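# Structural overview
What follows is each chain in one-letter form.
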Amino acid sequence: MSVVHVDAQGGAYPIHIAAGRLAQLADTVPADTSAIAIVTNPTVAALYLAPVQEALAAAGKPIHVIELPDGEAYKNWESLNLIFDALLGAHLDRKALIVALGGGVIGDMAGFAAACFMRGVRFVQVPTTLLAQVDSSVGGKTAINHPLGKNMVGAFYQPIAVEVDTEVLKTLPAREISAGLAEVIKYGMIYDLDFFDWCEEQVGPMRTLEQEQIVYAIRRSCEVKAEVVSQDERESGLRAILNFGHTFGHAIESGMGYGQWLHGEAVGCGMIMAAELSALVCGLPAQDVARIKALVQASGCPINPPQWPAERWLELMQVDKKNEGGQLRFVLLDKLGHAKVQAVAPDVVRQVLARFTTVEQE
Ligand code: NAD
Ligand code: GLY
């Protein structure tokens, strides 16, 4: 088993990574837990609820199951309220433990519910998508979407453990694997050039979930994220680099309607756009932009953004948590393997958008 430690101000906790880890879930239940609430969705429940319930039964606590509708379109107040309804309806107390069993949508919502219920109860992340295993389950960002912007309502709230079972990836559709790989290769681009080189060589085996490669990809991704979050849990500086490609990506997600593009797909395409912007603003060499584009494509993510007028992009990107005083701010690469955050004038962004426009605009 691989173990990565996260040491954030809001809590220190282990990430356990192993094939078959679900069977060990009872180990993560604190002795004084009064009851366990598993938050999941019907897709994941059909596959993994029974083994998870069986494993948790060894902890000897009452277990409640809360099923939310599946999908990014349901990452909202209504679903969040279903969790509170169920927790209160079952008379759970401050010693309750919430277990988030699912992808990033379930993890973000269950984590937000844990942060709010009785002003905070403990929770464990059991991520079942690649994207959640390498990114969303780690670092304590929890949120729901607002019709005007992605993840706009939420809290920083750390889990007490992250339990990664690589076996569950075998039931993921190929498109979801590709979406998760977008976040894996992101860590190489922003933080670790050696890892980027490795990803270029190993993208094939990662896509087919070869055990050695996928375990290393998850571990290295979690290590980088843990290093960044340990230095800047609340994103007052460094942590923003984890949002490389996300300004364009979030615009794609909200502009297309949540759930049309997968989050990772939008981030993958957004990283190509952010690389072009980096070339213009920071002089990122054209061959590095080409390497980024090739790796996103090799991961199986789309590389062509929606064909919107520049003003539509700019309007969508106005709703971004990195913006300050109405100025657009982007994560840019000053070289491959190193990122920074910088304000960029709308005219410069327009120049980059024009490079991606293949249809004639009015
Ligand atoms: P998701 O949670 O919607 O899961 C994708 C699909 O796969 C869903 O239909 C789900 O039911 C299904 N699924 C989950 N596990 C499965 C399995 N093992 N086998 C078969 N199907 C399975 O999407 P996601 O990509 O995991 O997460 C995206 C979300 O994560 C977005 O809302 C994004 O904003 C959020 N996110 C949060 C952070 C953070 O730091 N908190 C970071 C990145 C992304
Ligand atoms: N996924 C971006 C972050 O966790 O900060």
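Residues numbered from 1 in each chain as written. Chains lettered and ligands numbered in written order. Predicted model: local features only at pLDDT ≥ 70, side-chain atom pairs only at ≥ 80, totals over all residues. Heavy atoms only, no water.

The name given to the protein chain in an unreviewed UniProt entry is 3-dehydroquinate synthase, and the organism recorded there is Alcaligenes pakistanensis. Heading Pathway (unreviewed entry) of the UniProt record for the protein chain holds this comment: "Metabolic intermediate biosynthesis; chorismate biosynthesis; chorismate from D-erythrose 4-phosphate and phosphoenolpyruvate: step 2/7." What UniProt states about the protein chain under its Catalytic activity (unreviewed entry) heading is, verbatim, "7-phospho-2-dehydro-3-deoxy-D-arabino-heptonate = 3-dehydroquinate + phosphate". (UniProt positions renumbered as here; feature names shortened; annotations may be inferred.)

## A word on the packing of helix H6 (residues 193-207) against helix H10 (residues 286-299)
Their axes nearest at 9 Å, the elements H6 and H10 cross at an angle of 15°. Classified by the angle their axes make, H6 and H10 are roughly parallel. Relative to H10, H6 is oriented so that their crossing is left-handed. On H10, the residues touching Phe-196, Asp-197, Cys-199, Glu-200, Val-203 and Arg-207 of H6 are Arg-291, Ile-292, Leu-295, Gln-297, Ala-298 and Ser-299. (Axes fitted to C-alpha atoms, helices over the stretch in contact; angles between N-to-C directions. Helix = DSSP H or I, 4+ residues; strand = E, 2+ residues; numbered from the N terminus. Parallel < 35°, antiparallel > 145°, perpendicular 65-115°, else oblique. Left-handed = near helix turned anticlockwise from the far one by under 90°. Contact = heavy atoms within 4.5 Å.)

## What to know about the site of ligand 1
Around ligand 1, the structure places 26 residues, and the nearest of them are Glu-72, Lys-75, Thr-128, Thr-129 and Thr-171. Lys-141 is positioned such that a nitrogen or oxygen atom in its backbone is 2.9 Å from a nitrogen atom of ligand 1. In this structure, an oxygen atom belonging to ligand 1 sits 3.2 Å away from a side-chain N or O atom of Asn-151. Considered on its own, ligand 1 offers 870 Å² of accessible surface; in the complex 91% of this is hidden by protein. Of the residues that constitute the shell around ligand 1, the class distribution is seven nonpolar, 10 polar and nine charged. (Near = heavy atom within 4 Å. Polar contact = N/O pair within 3.5 Å; in protein donor to acceptor, adjacent residues only side chain to side chain. Areas by Shrake-Rupley, 256 points an atom, 1.4 Å probe, with all protein chains shown as cover. Nonpolar A, V, L, I, M, F, W, Y, C, P; charged D, E, K, R; others polar.)

## As for unusual backbone geometry
One non-glycine residue with positive phi stands out, namely His-91, at about 60°. Secondary-structure assignment places His-91 in the loop between helix H2 (77-89) and strand E5 (97-102). The class of His-91 is exposed, set by a relative accessible area of 69%. Although it is not a glycine, Asn-151 sits at a positive phi angle of roughly 50°. Counting through the fold element by element, Asn-151 comes out in strand E8 (residues 149-156). (Buried < 20%, exposed > 50% of the residue type's maximum accessible area, 1.4 Å probe, protein only.)

## Looking at the packing of aromatic side chains
All chains considered together, the criterion is met by seven aromatic pairs. One aromatic cluster in this structure is built from Phe-248, Trp-308, Trp-313 and Phe-330. A cation over a ring is seen here: Lys-186 above Tyr-187, with NZ or CZ 4.9 Å from the ring centre. Over the aromatic face of Trp-308 sits the side chain of Arg-312, whose NZ or CZ is 5.8 Å from the ring centroid. (Phe/Tyr/Trp six-rings, centres within 6.5 Å; stacked < 30°, edge-to-face > 60°. Lys NZ or Arg CZ within 6 Å of the ring centre and 35° of its normal.)

## Overview of the site of ligand 2
All residues in the neighbourhood of ligand 2 are listed as Asp-135, Lys-141, Lys-225, Glu-235, Arg-239 and Leu-242. Note that an oxygen atom of ligand 2 is positioned 2.8 Å from one of the side-chain N or O atoms of Lys-141. A distance of 2.8 Å separates an oxygen atom of ligand 2 from a polar side-chain atom of Arg-239.

## Considering helix H3 (residues 104-116)
Over its 13 residues, H3 extends 18 Å from the first C-alpha to the last, a length consistent with the 18 Å expected when each residue adds 1.5 Å. Taken across its 13 residues, H3 has 12 buried, putting it largely inside the fold. Inspection of H3 places Gly-104, Val-105, Ile-106, Gly-107, Asp-108, Met-109, Ala-110, Gly-111, Phe-112, Ala-113, Ala-114 and Ala-115 among the buried residues, and these make up the whole buried set. Just downstream of H3 lies Met-118, where phi reads positive at about 55°. (Expected span 1.5 Å × (residues − 1).)

## Comments concerning the UniProt feature "domain: 3-dehydroquinate synthase N-terminal" (unreviewed entry) in the protein chain
Per the UniProt annotation, the sites labelled "domain: 3-dehydroquinate synthase N-terminal" (unreviewed entry) are residues 66-178. Helix makes up 34% of residues 66-178 and strand 29%, whereas the separation of the span's terminal C-alpha atoms amounts to 28 Å.

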